[in-house]
Amino acid sequence: MAVVRWNPWREIDTLQRQINDLFEETIAPSNSFEKNLVRVPAAELQETEDAIHLRLELPGMSAKDLDIQVTEDAVHISGERKSEIKAEQKGTVKSEFYYGQFQRVIPLSARVQNTKVTAEYKDGILNLTLPKAEKERNKVVKINLEQPTA
């Protein structure tokens with residue numbers, strides 16, 4: 001039996017390789033990594049003087065599979081993306097698509113009039129226009145500065 005000298009750098013190299021493999025899997029996900037990952041739709045918020053505009057990315061979903069609820073200070077969205085692959089098809093299928101239920105709560109920076117929200121869903125993008133409550137709108141007030149007399 002040969003004596004092998006312990007090299008601590010070998011263990012660090014192994015750890016670094018494992019971490020690198022983990023990051024490579026997030027770029028091109030594998031099935032083992034994806035099973036534990038919860039997907040939520042990507043969102044963009046834009047605030048104007050009168051409203052908050054929220055865009056959500058929901059590719060491949062139909063409007064009937066979405067549940068959207070708006071309170072005065074948050075948007076709650078949930079839904080389910082169903083698999084279109086039939087069990088009776090023969091052959092191998094490799095898919096990186098996410099199927100299943102999701103849920104997301106997006107807090108709003110200002111109170112909105114949740115009874116006057118408008119929505120449009122086109123090409124996998126949901127656009128919500130959330131009008132601000134009257135007391136939340138920025139009202140412009142002119143401030144007069146008096147010049148000190150010298």
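Residues numbered from 1 in each chain as written. Predicted model: local features only at pLDDT ≥ 70, side-chain atom pairs only at ≥ 80, totals over all residues. Heavy atoms only, no water.

Looking at the overall build of the protein chain
Along its length, the protein chain carries 2 helices and 7 strands. The linear arrangement of helices and strands in the protein chain, starting from the amino end, is α-α-β-β-β-β-β-β-β. Taking the intrachain contacts of the protein chain between residues at least 6 apart in sequence as the baseline, contacts between residues at least 24 apart amount to 55%. About 12,300 Å² of surface is accessible on the protein chain, with carbon and sulfur atoms providing 51% of the total. (Helix = DSSP H or I, 4+ residues; strand = E, 2+ residues; numbered from the N terminus. Contact = heavy atoms within 4.5 Å. Areas by Shrake-Rupley, 256 points an atom, 1.4 Å probe, with all protein chains shown as cover.)

A few points about the nonpolar core
The biggest cluster of nonpolar side chains holds 17 residues, and the ones touching the most others in it are L54, L56, L58, V75 and L130. Excluding residues within four positions of it along the chain, V75 makes contact with L54, I68, Q69, V70, R104, V105, I106, L108, L128 and L130. (Core = buried A, V, L, I, M, F, W, Y, C linked by side-chain atoms within 4.5 Å. Buried < 20%, exposed > 50% of the residue type's maximum accessible area, 1.4 Å probe, protein only.)

Comments concerning the sheet that holds strand β4 (residues 74-81)
Spatial ordering of the open sheet is given by β3-β4-β5, a layout of 3 strands whose pairing is antiparallel. The strands lining the two open edges of the sheet, one partner per strand, are β3 (66-70) and β5 (100-107). Across the sheet, the axes of successive neighbouring strands diverge by a mean angle of 10°, strand direction being ignored. Judged from the 8 bridges that link them, β4 and β5 form a sheet pairing that is antiparallel. (Pairing = 2+ DSSP bridges. Axes fitted to C-alpha atoms, helices over the stretch in contact; angles between N-to-C directions.)

Side note on a nonpolar patch on the surface
A contiguous nonpolar patch, built from L15, I19 and F23 and spanning about 300 Å² of accessible area, is present on the exposed surface. By the secondary structure assignment, I19 is in helix α1 (residues 8-27). (Patch = residues over 30% accessible without salt bridge, like charges linked within 9 Å, V, L, I, M, F, W, Y side chains within 5 Å. Salt bridge = Lys/Arg side-chain N within 4 Å of Asp/Glu carboxyl O.)

Digging into the confidence of the model for the protein chain
Looking at the protein chain, the pLDDT average stands at 80 and 75% of residues meet or exceed 70. Contacts from residues 28-36, a stretch scored under 50 in pLDDT, to residues over four places away or in other chains number 8 contacts. (pLDDT = per-residue confidence, 0-100.)

Examining the layout of surface pockets
Of the volumes computed, that of the largest pocket is approximately 300 Å³. R39, E57, P59, R81 and Y98 are the residues nearest the centre of the largest pocket, which is lined by 13 residues in total. Of the residues in the lining of the largest pocket, the class split is 9 nonpolar, no polar and 4 charged. (1 Å grid on protein atoms, 1.4 Å probe; cavity = no way out; pocket = protein on both sides within 12 Å on 5 of 7 lines; lining within 4 Å. Points joined across faces, edges and corners; volume = space filled by probe spheres on them. Nonpolar A, V, L, I, M, F, W, Y, C, P; charged D, E, K, R; others polar.)

Let's talk about the pairing of strand β2 (residues 51-57)
Bridging between strand β1 (residues 43-47) and β2 involves 5 bridges; their strand directions are antiparallel. Paired with E47 across the bridge in β2 is I52. Here β1 folds back onto β2 in antiparallel fashion, the turn holding 3 residues. With 7 bridges joining them, β2 and strand β7 (residues 125-131) adopt antiparallel strand pairing. Note that in β7 the partner of E57 across the bridge is I125.

A word on the pairing of β4
Sheet topology note: the β3/β4 ladder contains 5 bridges and is antiparallel. If you follow L66 over to β4, its bridge partner there is G79. Turn length for the β3-β4 hairpin, with the two strands adjacent in sequence and antiparallel, is 3 residues.

Structural notes on the environment of S83
Here S83 lies in the loop between β4 and β5. Assessed through its relative accessible area of 42%, S83 is described here as partly exposed. In the structure, S83 is positioned 14 residues away from F97 in sequence and 8.9 Å away in space, judged by C-alpha atoms.

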